[in-house]
Structures are given as structure tokens and as C-alpha cells.
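Next come the chains, spelled out residue by residue.
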Amino acid sequence: VDARASNINRATMIPAETAWTTIAHFIALCIATSAFFAALGINVYVVVALTDLQNDFMNPHDAARRINRLIWFEILAHCVGTGAMALSGSFLLAIVNVPLIVWHVKGWQEKHLFMDVTEIFNAADGEKKRRTMKTAFIGSVTLVSSYKVIRAAVMTLLTAAGREAAAKILREASHSPMYHMF
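Because the structure is a prediction, the values reported are computed rather than measured.

A. Broad picture of helix α4 (residues 91–109). For α4, with 19 residues, the first-to-last C-alpha span of 27 Å sits near the 27 Å given by 1.5 Å per residue. By the largest-angle criterion, Val98 marks the main kink of α4, which is about 30 degrees, and a proline, Pro99, follows within four residues. Those residues of α4 that fall on the buried side of the exposure criterion are Leu93, Ala94, Asn97, Leu100, Ile101, His104 and Gly107. Just downstream of α4 lies Lys111, where phi reads positive at about 60 degrees.

B. View of the side chain of Thr142. Positionally, Thr142 belongs in helix α5 (residues 120–157). Thr142 gets classed as buried once you look at its relative accessible area, which sits at 2%. Setting aside its immediate chain neighbours within four residues, Thr142 contacts Phe36, Phe37 and Leu40.

C. Just the confidence of the model for the chain, in detail. Here the chain averages 82 in pLDDT, while 81% of its residues score no lower than 70. Below a pLDDT of 50 lies the segment residues 1–16, which in the model reaches 10 contacts outside its immediate sequence neighbourhood of four places, other chains included.

D. Structural detail: the packing of helix α3 (residues 60–87) against α4. Viewed as axis vectors pointing N to C, α3 and α4 meet at an angle of 155 degrees, and their least axial separation amounts to 9 Å. Of the possible angle classes, the one that applies to α3 and α4 is roughly antiparallel. Taken as a pair, α3 and α4 cross one another with a handedness that is left-handed. Here α3 contributes Trp72, Glu74, Ile75, His78, Cys79, Thr82, Met85 and Ala86 to the contact with α4, which in turn contributes Phe91, Leu93, Ala94, Asn97, Leu100, Ile101, His104 and Trp108. Considering only residue class, the contact of α3 with α4 consists of 11 nonpolar, four polar and one charged.

What counts, and where the lines are drawn
Residues numbered from 1 in each chain as written. Predicted model: local features only at pLDDT ≥ 70, side-chain atom pairs only at ≥ 80, totals over all residues. Heavy atoms only, no water. Helix = DSSP H or I, 4+ residues; strand = E, 2+ residues; numbered from the N terminus. Expected span 1.5 Å × (residues − 1). Bend = angle between axes of the 7 residues up to and from the residue. Buried < 20%, exposed > 50% of the residue type's maximum accessible area, 1.4 Å probe, protein only. Contact = heavy atoms within 4.5 Å. pLDDT = per-residue confidence, 0-100. Axes fitted to C-alpha atoms, helices over the stretch in contact; angles between N-to-C directions. Parallel < 35°, antiparallel > 145°, perpendicular 65-115°, else oblique. Left-handed = near helix turned anticlockwise from the far one by under 90°. Nonpolar A, V, L, I, M, F, W, Y, C, P; charged D, E, K, R; others polar.

What follows is the structure, given as C-alpha cells:
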């Protein structure tokens, strides 16, 4: 038995180095997508908290405390997601996220990331607009990273024969009468 043959995973017929690289790539994509989902959830929560504040369902002290408590987690989640995207080899998606990270760093230096209790009513509209735009941006990044995870899972888990069978099933499904019913 030569040394090269022992380095091949017999079940998938993929060289071991490639298998580990593929697994690491998939794990990095999963981490990035999870981090982006966390950042998205935090932004949605902040928008809801600001809406509750404007509708007098929450007092300014509670709103500022709840929002300020989550800002570092949002920044951390976004940085982890961007870093994991870079590690997975999705450099374009990582570069697209850099301006938001720079904006976070600039906001931290200028001390305008945190909500001030005395100014929260005056800043609520502007902050809500910024958070809505951030939510849309992070939502689109999350959508793209989710697609990358699903694509990596399908390409990783399916062998060549499996990909051919899946393509055949999808072709048949697209030509079936049920497809045109809806």
C-alpha cells in the first residue's frame, strides 16, 4: 500500500487534507452565519425597544439600559462573523462588512454608540433609522452567508453520484405538473 492511498478517505474517495479543509471551511461558515444571525436579532430587538419607547410602552431608563447592554454583543457578533467569513475564504463578503466595523470603531471612539438616558427621546428617530438600515444590511449578509452554508453542506455531503441524483430529482420536479400549480 503506498503512502498516498492511505491518505484517502475510503467512504468519499476524497484526500484527507481536502476533507479536513472542507470541514474547516464548513465550520467557519456555520460560525459566521450564527454570528450574523445574532447581530441581526440584536438589531431587531433594539428597533423594537425604540418603537416601544416611542409608544410609551417602556420608560427611557429601561430602554437605554436594555439597548446599551447589547451593543458590545452586537459588535462582537459582527466582528466574529466577518472574521469567520474571511477564514472560510469568502473575502468579498468579509470586505463588504469592513465599513460597518469601521463605523462601529469610529462610534466607539466618538462615544456615540451608547444611548444616553437624557437624550434618548431626541435620538430615538435617528437611531431607529440607523438600526433599520443596519438590520437590512446585516439581514442581506445573513441571507448570503446562509446560502453559502447550505451550498457548502450540499457540496460537501453529496458525492458525485449524489449530486447527479439530486440534479435529476430537481430537474424532474421542475417539469412536473405540480410545479406549475402554484
